[in-house]
Amino acid sequence: MSSLLDSQTVGITLAFALTGILAVSRWKDSPSLPYPPGPAPDPIIGNARAMGSDELERVFAAWGKKYGDVNYVTVVGKPIIVLNSYQAAKDLLEKRSGIYSSRPRMVMLGELMGWGEVLSHQGVGPRFRKHRRIIQDQFSAKQVSQYAHVQRKEAYATLADLGNSPDDLMKHLKRFTAGIILSITYGYTVKDCDDPLVTLADECTTASVSAGPIGSLLCDLVPALKHWPTWAPFSGFKRHALHTRSLVERFFDEPYQWAKARVAEGTAPSCITVDLLETMRTQNEPYRASETLDTTDILHITGVLYAAASDTTCAALKAFMFALLLHPEVFAKAQEEIDQKTGKERLVDFDDRDSLPYFECVMKEVLRWGCSVPLGVPHQLTEDDTYRGYFMPEGATVMFNAWAITRNEELYPEPERFMPERFWGKMDSDAARQVDTVFGFGRRVCPGRAFAESSMFLLVSNIIATMDLTKAVDEAGEPITPPVEYTKSFIRHVVPFKYQLKYRSEKARSIVEQANLLLHG
Ligand code: HEM
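Residues numbered from 1 in each chain as written. Predicted model: local features only at pLDDT ≥ 70, side-chain atom pairs only at ≥ 80, totals over all residues. Heavy atoms only, no water.

## Section: the side chain of glutamate 154
Then, number 1: Relative to the helices and strands, glutamate 154 resides in helix α7 (residues 148-164).
Then, number 2: With a relative accessible area of 4%, glutamate 154 lands in the buried category. (Helix = DSSP H or I, 4+ residues; strand = E, 2+ residues; numbered from the N terminus. Buried < 20%, exposed > 50% of the residue type's maximum accessible area, 1.4 Å probe, protein only.)

## Some remarks on the environment of histidine 227
Then, number 1: With respect to the helices and strands, histidine 227 occurs in the loop between α10 (212-221) and α11 (236-265).
Then, number 2: On a C-alpha basis, the gap between histidine 227 and leucine 112 in space is 9.4 Å, while along the polypeptide they are 115 residues apart.

## Considerations on the nonpolar core
Then, number 1: Ranked by size, the top nonpolar core spans 154 residues in total, and within it Met51, Leu83, Phe139, Phe320, Leu324, Phe359 and Phe497 carry the most contacts.
Then, number 2: Looking at which element gives the most residues to this core, the answer is helix α13 (residues 295-326), with 17 residues.
Then, number 3: For phenylalanine 139, the contacting residues outside a window of four places in its chain are Val144, Tyr147, Ile181, Ile184, Ile272, Leu305, Pro447 and Phe451. (Core = buried A, V, L, I, M, F, W, Y, C linked by side-chain atoms within 4.5 Å. Contact = heavy atoms within 4.5 Å.)

## Overview of the environment of tyrosine 387
Then, number 1: Relative to the helices and strands, tyrosine 387 is located in strand β4 (residues 385-387).
Then, number 2: For tyrosine 387, a relative accessible area of 5% gives the class buried.
Then, number 3: A C-alpha to C-alpha distance of 8.8 Å links tyrosine 387 and proline 36, two positions 351 residues apart in sequence.
Then, number 4: The contact partners of tyrosine 387, leaving out residues within four places of it in the chain, are Val70, Gln87, Ala88, Asp91, Leu92, Arg96 and Met392.
Then, number 5: At a separation of 2.5 Å, a polar atom in the side chain of tyrosine 387 contacts the side chain of aspartate 91. (Polar contact = N/O pair within 3.5 Å; in protein donor to acceptor, adjacent residues only side chain to side chain.)

## So, the site of the ligand
Then, number 1: Near the ligand there are 25 residues, and of these Arg103, Arg132, His379, Arg444 and Cys446 occur at the shortest range.
Then, number 2: Measuring from an oxygen atom of the ligand, one finds a backbone N or O atom of phenylalanine 441 at 3.0 Å.
Then, number 3: At 2.8 Å, a side-chain N or O of arginine 444 approaches an oxygen atom of the ligand.
Then, number 4: Elements with a minimum of two residues in the shell around the ligand: α6 (126-139), α13 and α18 (449-466).
Then, number 5: When residues in the shell around the ligand are grouped by element, the largest group, five residues, is from α13.
Then, number 6: Looking at side-chain class alone, the shell around the ligand contains 15 nonpolar, seven polar and three charged residues. (Near = heavy atom within 4 Å. Nonpolar A, V, L, I, M, F, W, Y, C, P; charged D, E, K, R; others polar.)

On their own, these measurements won't tell you what the molecule is for.
Here you go:
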């Protein structure tokens, strides 16, 4: 961040922001009700210092404990509401989703870098509804079974890769998640971790987040900064944004052009892009004549799928493997349950899921304990509202703290302990239900949830079925217990850790190799 925006720029911009806000903000009657409680703001910048924290979820959770579960803060005059409890998030984001479902304006990420037109960043409106419906239709719990063959193919390839180069777990997980979504969306087969489309996605994601929260914040506060000339002093942020924009455009375009070329050749495998191109050509049902599709729609629908599905699922899979490594007793119990089902004679398949209740508890606990997107994605309130006697202003950014909600000590005693047994026989409990918070709320709830869970199920259950995962040992032969540490990012990943992974038997190796051969030829 410091290379992009130095302290002088920050100062100038904040001064600008203040002047702008004082000059243009429309005068409003002071509300007769108080705002929700929260920490005292600093003059001018409000609560900006706290909002710059690397572990904002912990800062918010501490506010929740001190001031109550709904907090109000400002950053240079912009209102932010923080929801630290399931009840408040449910009451507002779900029950009042008609007014709590938009997205805040993001000048840096959305307008300068080019992410603004994709579903996850769009405000509510006709285009949002069209994209959302198309994506929901493709990934509803009923529909996901149509992708089973792709999930199997990618899972078996990943198992074989893990057998061949077990030290590259992180790379193989990334290839697995990118491979599945690229295949379903564009009909594209990822060959290895260095695949050009996977590398492009990586570069694009890294560049998109590397302006840092302050870089983004300054542009969001002073939207006029987006017109700052690239030749002017302090224009590092703008040059970075434009460079990122070119990556984002390539990220949308290259896989789409690849799929289109296969359609022209008549060799396109069935995939979402092919379906959408056909819909665009005929402009027929199921997407209604009033909702015609154009090329930009297709670019953005397919692009958001890749962007939203791959990194999130990969982060959850890393947390899964890490939790199993730290808890050998859980691994052993899950392995025993799976062995009873398969007799060690075959791989696990989707049909087995209902009869692996312990594994299901482990997956639930991974989603809770690992909490890959701790603060979800911010919503925006589009009308003035009142809640529990407090005033909630129109335009406020509304953030839910999934991390704090899934650490509620009343529902999850010893919340930092990884304990799948807490869900045993209780899959209908509030505790189990509230883990869904990690996928968001209301009209914005993650449309890929069922698909993410089924992909995780298939890969991890088969790793457990065919391999042994144990701690690495140091020079003295002592097992190494890696610390629980995550990257400081919006989607948090477990930092790379040491482990040992190998086929549990020659028979397991041969089952994997045969399955892989059968699907890949
Ligand atoms: C473990 C994996 C995943 C996690 C933890 C996750 C989490 C989330 C969260 C927290 C949101 C924001 C919800 C809100 O604003 O209330 C979201 C949105 C979204 N997710 Fe996921 N997600 C995962 C996997 C997937 C997959 C596999 C797909 C696609 C197949 C997907 C597609 C999307 C899309 C398109 C949105 C934007 C929805 C909107 O803004 O209306 N996600 N996800």
